[in-house]
Amino acid sequence: MQNTSLVIEATGLEKSFSGRAAVCGIDLRIPKGGCFGLLGPNGAGKTTTLRMVLGQCHMSGGQMQVLGQSMPAAKKAVRAHMGVVPQLDNLDPDFTVLENLLVYAAYFGLRRRDVEKRAQDLLAFVELSDRARTRIGELSGGMKRRLSIARSLINDPEVLILDEPTTGLDPQVRHLIWNRLRSLKRDGKTLILTTHYMEEAERLCDHIAIMDHGRIIAEGAPRELIRGYSEPDVIEVQGAPAALEQQLAALAGGRVERIGETLYCYTRAARSAVAILEPMSDITYLHRPANLEDVFLKLTGRDMRE
Amino acid sequence: MNHGLILLRSANWSLPRPAWTALAVWRRNFLVWRKLLGPSLLFNFGEPLLYLLGLGYGLGRFIGEVEGLTYIAFLATGLLASSSMNTSTFEGLYSVYTRMVPQQTYDGMLATPVDVDDIVLGEMMWCATKGLISSTAILIVALGLGAIEGWQPLLCLPAFFLTGLCFAGPALVVSAISRSYDFFAYYVTLVITPMYIFGGVFYPITTLPDAAQSLVSMLPLTHAVALIRPLAAGHIPAEFALHVAVLAAYALLGFYFAVVLIRRRLIQ
């Protein structure tokens, strides 16, 4: 059954590269409108999943409908309505900023005279109007990212896929990009985004799926995930003696984790914990509400990934 | 898992179905070329002028006539074929590899309705166009020098394009399986240069030993020369259809294998 309120509906999606499984049978249902976040450590299978959505890599198993059409058979038709901001910029270095948009439009079969105005508007949207004639090699990382976003919008797509759109950018550019993404969301476009920044996911996404080792291990709205997977409060303690660790662990409704010198106390009894900590003069602590990063680390562990 | 591997392979081997978007790929390369028109044309016209003046007149004085042509005419009509081969080959190696690997131009295209089939067709047409441009420049130089004359040499233009297509496919295949630019040395030194030297550009293949002749007559450049030289000199080529068929067959096979191997590289 085809569901027209979904932009992506996948069941049992699988991908292996010469025997090594990258995506192990995931189900995806991404509704029209809003922002869907795909989170996970490096190598979790996020980019591979997005590549299958675009028909840029063969599916090893499962079924997928994108915009109501079967993949990968309908990949060309599907891509005509998609915008893509890739993880690594692949702007065309042989052209200027404006030419990049016009040449890219031609890949969609759009004619220059029909997109010239739109290209100028998009440059204004990402604040690159004064760079229209600059060559790609002379742009900073942030400018390239903004141009990639403008390029992804040249075909007025229904769905925008952003693979780590703000990785490596300074706070000014990140805030500008977040702002633009929110305005695209308001315009009714569907955003699908991968990121390593939990703060970014919390700010932008309406719905999140956390992936690890090729599987989706948790799914829901950011607040739901925090409520469902973490105690409401976190207290980070520096320089805590072992006795204190036991004392905090003994409090009802919580757990304690030690990472090097830092003690992380996840708790439902923040008041009692603070009452213990406050009189102690030889330690410093920080009391904050639980966030998505706490959920992420709880679910995917603290081990480093390649 | 094995099942997955077989599926993957068969998907790559399916028959190419390129669409009109191939023209957008061709046009992208044309727009870049147009930006560098000056140096490109200087190269296209300057090189053959030097060759024809230096070798044609210089060597021609000692050689006299070859197969009823002055040596400069013989050389010029041979270079018409080899220039399409060389230009198309180098575009299909260095430029295509640059767009495929370091620049990731194709990855950008694959987010649009352009697919691998279209990229390969567009690139092959572009390689052939560059071959056509370089051979046409030689044709103009040769006409200017009076090495060839009349209007019939213009009939060569489609043959230049076909020769370019014929060599574009194998060059794309080599690009698709190369891990770096260095790998191209095998193909250029072992395949292209021998054809250039032995394929009848500088002297008739009838001067080669019999065994070598039958080997050389299977090579595409030999057919390109056998097609283009008479056309440029004002004759009807013997076995016209055979030469066209051989070049077209190389072009079609090259296209197919280039599509399969570039799918394997980009789509996985």
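Since this is a predicted model, take the numbers as computed values, not measurements.

Chemist: Is there a simple way to think about the overall build of chain B in this case?
Modeler: Scanning chain B from N- to C-terminus turns up eleven helices and two strands. What you see in chain B, going N to C, is helices and strands ordered as α-α-α-β-β-α-α-α-α-α-α-α-α. What you see for chain B is a C-alpha radius of gyration of 19 Å, in line with the 18 Å of a compact globule of 268 residues. In chain B, which comprises 268 residues, the proportion classed as buried is 48%. Sequence-distant contacts in chain B: of pairs separated by 6 or more residues, those separated by 24 or more amount to 80%.

Chemist: Looking at this structure, how should I read the overall build of chain A?
Modeler: Broken down by element type, chain A carries eleven helices and 14 strands. In terms of its C-alpha atoms, chain A occupies a principal-axis envelope of roughly 70 × 45 × 35 Å. Summarising the internal contacts of chain A: among those between residues at least 6 apart in sequence, 68% fall at separations of at least 24.

Chemist: Teacher, can you tell me more about the pairing of strand 6 (residues 82–85) of chain A here?
Modeler: Walk down a regular strand and you will see the side chains alternate between the two sheet faces. Residues and elements named next belong to chain A. Here strand 6 shows a buried face lined by Met82 and Val84 and a second buried face lined by Gly83 and Val85. The pairing of strand 6 with strand 7 (residues 159–163) spans four bridges and is classified as parallel. Among the inter-strand pairings, Met82 is bridged to a residue of strand 7, identified as Val159.

Chemist: How do you make sense of the packing of helix 6 (residues 116–144) of chain B against helix 11 (residues 240–266) of chain B when you look at a structure like this?
Modeler: Angle between the axes and distance between the axes are the two parameters that describe a pair of packed helices. All names here are of chain B. Helix 11 packs onto helix 6 with a crossing angle of 130° between their chain directions and a minimal axis gap of 9 Å. In this view, helix 6 runs oblique relative to helix 11, as classed from their interaxial angle. Crossing geometry of helix 6 relative to helix 11 is assigned as right-handed. Touching Val116, Asp117, Val120, Leu121 and Met124 of helix 6 are Phe255, Ala258, Val259, Ile262, Arg263 and Leu266, all from helix 11.

Chemist: I keep staring at the sheet that holds strand 2 (residues 20–31) of chain A and nothing clicks. Help me out?
Modeler: Strands belonging to one sheet form pairs held by backbone hydrogen bonds; the direction of such a pair is parallel or antiparallel. Residues and elements named next belong to chain A. Read from one edge to the other, the open sheet built from four strands follows the order 2-1-4-5, with strand pairing classed as antiparallel. Two strands bound the open sheet, and with one partner strand each, they are strand 2 and strand 5 (69–71). Neighbour-to-neighbour, the strand axes of the sheet open up by a mean angle of 20°, direction not taken into account. Across five bridges, strand 1 (residues 6–17) lies against strand 4 (residues 61–66) in antiparallel orientation. Bridge assignment links Ile8 to a residue of strand 4, and that residue is Val66. Lying over the sheet, helix 1 (residues 46–53) contacts strand 1, strand 2 and strand 4, oriented at roughly 120° with respect to strand 1.

Chemist: For this particular structure, what's the right way to read the sheet that holds strand 10 (residues 215–220) of chain A?
Modeler: Residues and elements named next belong to chain A. Spatial strand order, 6-7-8-3-9-10: six strands in an open sheet with mixed pairing. A single partner strand is all that each edge strand has here, and the edge strands are strand 6 and strand 10. On average, adjacent strands in this sheet sit at an angle of 15° to one another, irrespective of strand direction. Note: strand 3 (residues 34–39) against strand 9 (residues 207–212), four bridges, orientation parallel.

Chemist: Quick question: what am I supposed to make of the interface of chain A and chain B here?
Modeler: Reports of interface size often rely on the accessible area that becomes lost once the parts have come together. Contact with chain A, which involves 24 residues of that partner, is made by 24 residues of chain B. Put simply, the parts of the chain that give the side of chain A that touches chain B at least two residues each are strand 1, helix 2 (75–79) and helix 3 (97–107) of chain A. Of the residues assigned to the side of chain A that touches chain B, the class counts are eleven nonpolar, eight polar and five charged.

Chemist: When you look at the nonpolar core in this model, what are you seeing that I'm missing?
Modeler: General note: in soluble globular proteins, nonpolar side chains tend to be found buried as a group. Membership of the largest hydrophobic core comes to 148 residues, with the highest contact counts inside it found for Ala76, Val120, Met124, Leu172 and Ile228 of chain B. Among all residues touching Met124 of chain B, those that are not within four sequence positions of it are Leu165, Ala168, Gly169, Leu172 and Phe255 of chain B. In this structure, Ile235, Val237, Leu263 and Ala270 of chain A belong to the second largest nonpolar core, which totals ten residues.

Chemist: Where do I start with unusual backbone geometry in this structure?
Modeler: Generally, phi is negative for residues other than glycine and the peptide bonds are trans, each holding for most cases. All names here are of chain A. Following Met71, the chain continues to Pro72 via a peptide bond in cis, the omega torsion being 0°. Note on placement: Pro72 falls in the loop between strand 5 and helix 2. Of note, the phi angle at Leu67 is positive, near 50°, even though the residue is not glycine. With a phi angle near 50°, Asp156 is a residue other than glycine that sits in the positive phi range.

Rules of the game
- Residues numbered from 1 in each chain as written.
- Chains lettered and ligands numbered in written order.
- Predicted model: local features only at pLDDT ≥ 70, side-chain atom pairs only at ≥ 80, totals over all residues.
- Helix = DSSP H or I, 4+ residues; strand = E, 2+ residues; numbered from the N terminus.
- Rg over C-alpha atoms; globule rule 2.2 N^0.38 Å.
- Buried ≥ 20, exposed ≤ 12 C-beta atoms within 10 Å, placed from the backbone.
- Contact = placed C-beta atoms within 7 Å.
- Pairing = 2+ DSSP bridges.
- Axes fitted to C-alpha atoms, helices over the stretch in contact; angles between N-to-C directions.
- Parallel < 35°, antiparallel > 145°, perpendicular 65-115°, else oblique.
- Left-handed = near helix turned anticlockwise from the far one by under 90°.
- Nonpolar A, V, L, I, M, F, W, Y, C, P; charged D, E, K, R; others polar.
- Core = buried A, V, L, I, M, F, W, Y, C linked by C-beta atoms within 7 Å.

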